[in-house]
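Chain and residue survey
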Amino acid sequence: MNPHAYEVDIRPLAPEDGGGFVAIAPELPGCRSDGDTPQEALDNAYDAIACWIEAANEMGRDVPEPQRRAAA
C-alpha cells in the first residue's frame, strides 16, 4: 500500500512538549511521528506509515485500506 494514500493530521506541539509538529495517521492506531516543521513532520509520518504497514504484514495483522476524505 502507498503510505501517501493515508490521511495525516499535523498539529503544533506545545513548547513544553518540545515544540515542532506532530503528525498522526488516524487510520493506523499508534502511528505517529514529529518534526521541526510541518513538512518534516509529514515526511517523517510517511516513513512511519510504511514501517507500520510492514510490521503489521510481518505479524499477520490486517492493514486498513486508506479512507481519504475529500477536502471541503
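Located above this text is the structure these notes cover.
Right, let's walk through the structure included here. (Residues numbered from 1 in each chain as written. Predicted model: local features only at pLDDT ≥ 70, side-chain atom pairs only at ≥ 80, totals over all residues. Heavy atoms only, no water.)

Let us look at the nonpolar core. Among the nonpolar cores identified, the biggest contains 14 residues, and Tyr-6, Val-8, Leu-28 and Ile-49 are the most heavily contacted of them. By residue number, the principal contributor to this core is helix H1 (residues 38-58), which donates seven residues. Not counting residues up to four positions away in its chain, the partners in contact with Leu-28 are Tyr-6, Ile-49, Trp-52 and Pro-64. (Core = buried A, V, L, I, M, F, W, Y, C linked by side-chain atoms within 4.5 Å. Buried < 20%, exposed > 50% of the residue type's maximum accessible area, 1.4 Å probe, protein only. Helix = DSSP H or I, 4+ residues; strand = E, 2+ residues; numbered from the N terminus. Contact = heavy atoms within 4.5 Å.)

Let us now look at the pairing of strand S2 (residues 21-24). With four bridges joining them, strand S1 (residues 9-12) and S2 adopt antiparallel strand pairing. Bridge pairing in S2 places Pro-12 opposite Phe-21. Two strands pair when backbone bridges link them, and S2 and strand S3 (residues 32-35) are joined in this way by four bridges, in the antiparallel orientation. In the strand pairing of S3, Phe-21 is matched with Gly-35. (Pairing = 2+ DSSP bridges.)

Time to look at the environment of Ala-55. By the secondary structure assignment, Ala-55 is in helix H1. A sequence separation of 49 residues divides Ala-55 from Tyr-6, and the C-alpha atoms of the two residues are 16 Å apart.

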